[in-house]
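# Summary of structural features
Given next are the chains, with one letter for each unit.
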Amino acid sequence: MPSAPTSPPRPDRAPAGRSQEGGNAHGAERPEASTRPFQRSRLRLSDVLRLGGTGIKARPTRAFLSALGIAIGIAAMIAVVGISASSRAQLAAQLDSLGTNLLTASAGQDLFGKSSSLPQDTVGKVRLIEHVESASSTGLVKNALVYRSPLIDKNASGGITTMAADRSLLDVVAGQVDRGTWLNEATSQYPATVLGHTAAQRLGVVTPGTKVWIGGSWFTVVGILKPVVLAPELDSAALIGQGVATNLLGHDAKPTTVYTRSQDSAVAQVRQLLAPSISPQAPSEVKVSRPSDALEAKNAADKAFTGLLLGVGSIALLVGGIGVANTMIISVLERRREIGLRRSLGAMRSHILVQFMTEALLLATLGGSLGCVIGIGVTAAMSAANGWPFSLPVVAIAGGLGVTIVIGALAGVYPAVRASRTPPTAALNAQ
């Protein structure tokens, strides 16, 4: 029996699994393998950080010691900058409060090298100079040594001098009384004294009311001064009134040092006029100085010393960078099998290079961050201990972190290049 003829395939039906357009079951046309674009293997940022942290997590003690070297260098540099900046901020605040318009004029020497003296009307002459706001003076009282009692050895005066002071002196030199009171119209005529800060310490006087032996007479201490920054010679002096100095101790009423305040804009002009106004016949015998210049010179010396300490900190930072490089080289030698395995599985040289460079950068950044924290802490502690305002430039912290990144990059270049050039077969065969 003849078989039934097979019906031809219907044109509106496609073979199983194919669409009418000859594509796949989802209707998309499958491209040929030869037309696929070639894509270069890349590492994501998360993978880079994970791979870079692998070596650090595997050997945390070694990583910490290497980072500590970087931290010490950065901490030293930031602490030096911070302490110096805080000290200068304190000095600037001190100068703002004390003023830089104080000038002093004192007796110098004549042409024959003998000590000269200022005339009795010196303070009156100075007050007549244009732009001078106030003036006061002190006069050294000769043969009036200061002792705690008359039983003390005459040679053990402790370097304390007796000075006759104007009642306006404290206002002109921006001095302050620590305990007791300053000289007034009454105490200036009687045996009363105000001791400087150092003089009170040497005499062992801590409270007003104590008596001291000055020039063969008992004087009652009515006040003790705080340190006078712009007139440090007052710290080691016993200050008495002009009246009692003349009547009891035979003072000649001639001033030894004159203190004057002028307008800030006219300090230079007043400085040039002081000596000719005090002694028109011999202006060269008068020494004129500006006490704030000494503080500014101290500031300049502190800056030079800061530069020296920064150099020492840089050396410590360099040693820390060498430690990071050494750690990375050892890490490459110990992980040759890991490098070979990754290369055999398709990792490219650039992947290995990026991995070890990232590890070095992470190691240095951790050390730099730790160093910044230590440096900030040391600066804050020193500022609090000395009563300075905390001052640390942000650029110092940013610069410290930037330097650590550079150090980490330089320290990781050679180990990373060496790791990327390791042949897979040689690495896998390493013992």
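What you are looking at is a predicted structure, and each value in this text was computed from that prediction instead of being measured. Sequence order as written defines residue numbering, which begins from 1 separately in each chain. The predicted origin of the model limits local features to residues at a pLDDT of at least 70 and limits the giving and counting of side-chain atom pairs to 80 or more, whereas totals for whole chains, interfaces and linings rest on all residues. Only hydrogens and water are set aside; all other atoms, that is, all heavy atoms of the structure, feed into the side-chain values.

Attention now moves to the packing of helix H9 (residues 336-344) against helix H10 (residues 349-386). The packing of two helices is summarised by the inter-axis angle and the distance between the axes. Between H9 and H10, the least distance of the axes is 10 Å, while the angle of their chain directions is 140°. For H9 against H10, the interelement crossing comes out right-handed. Contacts from Glu-338, Ile-339, Arg-342 and Arg-343 in H9 reach Arg-349, His-351, Ile-352, Gln-355 and Phe-356 in H10. By the convention adopted, Pro, Cys, Tyr, Trp, Phe, Met, Ile, Leu, Val and Ala count as nonpolar, Lys, Arg, Asp and Glu as charged, and the other residues, Gly among them, as polar. Split into classes, the residues belonging to the contact of H9 with H10 amount to 3 nonpolar, 2 polar and 4 charged. Think of each axis as a best-fit line through the C-alpha atoms, taken over the contacting stretch in the case of a helix, with angles from 0 to 180 degrees between the N-to-C directions. Under the scheme used here, helices are H or I runs from DSSP no shorter than 4 residues and strands are E runs no shorter than 2 residues, and both carry numbers assigned from the N terminus. Put simply, a crossing is left-handed when the front helix is turned counterclockwise from the back one by less than a right angle, and right-handed when it is turned clockwise. Contact criterion: two residues are considered in contact whenever any of their non-hydrogen atoms come within 4.5 Å of each other.

This brings us to the pattern of salt bridges. A carboxyl oxygen of Asp or Glu within 4 Å of a side-chain nitrogen of Lys or Arg is what we treat as a salt bridge. Scanning all chains against the criterion turns up 2 salt bridges. Of the charged contacts in the structure, one is a salt bridge between Asp-121 and Lys-125, with a shortest N-O distance of 3.8 Å. By relative accessible area, Asp-121 is classed as partly exposed at 42%. The class for Lys-125 is partly exposed, based on a relative accessible area of 26%. Here Arg-179 makes a salt bridge to Asp-178, at a shortest N to O gap of 3.2 Å. Summary of the burial criterion: residues with accessible area below 20% of their type's maximum are buried, those above 50% are exposed, and those between are partly exposed, where the area comes from a 1.4 Å probe applied to protein chains only.

This next bit is on the confidence of the model for the protein. Values of pLDDT, ranging from 0 to 100, describe the predictor's confidence in every residue of the model. Of the residues in the protein, 82% have a pLDDT of 70 or more, and the chain-wide mean is 79. Contacts for the low-pLDDT stretch residues 1-35, under 50 throughout, to residues beyond four places or in other chains number 13 contacts.

Our next topic: the packing of aromatic side chains. Any pair of Phe, Tyr and Trp rings, taking the six-membered ring for Trp, is counted once the centres come within 6.5 Å. Such a pair is stacked with planes under 30 degrees apart, edge-to-face with planes over 60 apart, and tilted for the rest. Overall, the coordinates contain 1 aromatic pair when judged by the stated rule. Ring geometry for Trp-213 and Trp-218: centres 5.2 Å apart, planes at 80°, overall edge-to-face. For Trp-213, a relative accessible area of 17% corresponds to the buried category. Just above the ring of Tyr-147 sits the side chain of Lys-154; from NZ or CZ to the centre is 5.5 Å. Geometrically, a lysine NZ or arginine CZ counts as sitting over a ring once it is within 6 Å of the ring centre and also within 35 degrees of the ring normal.

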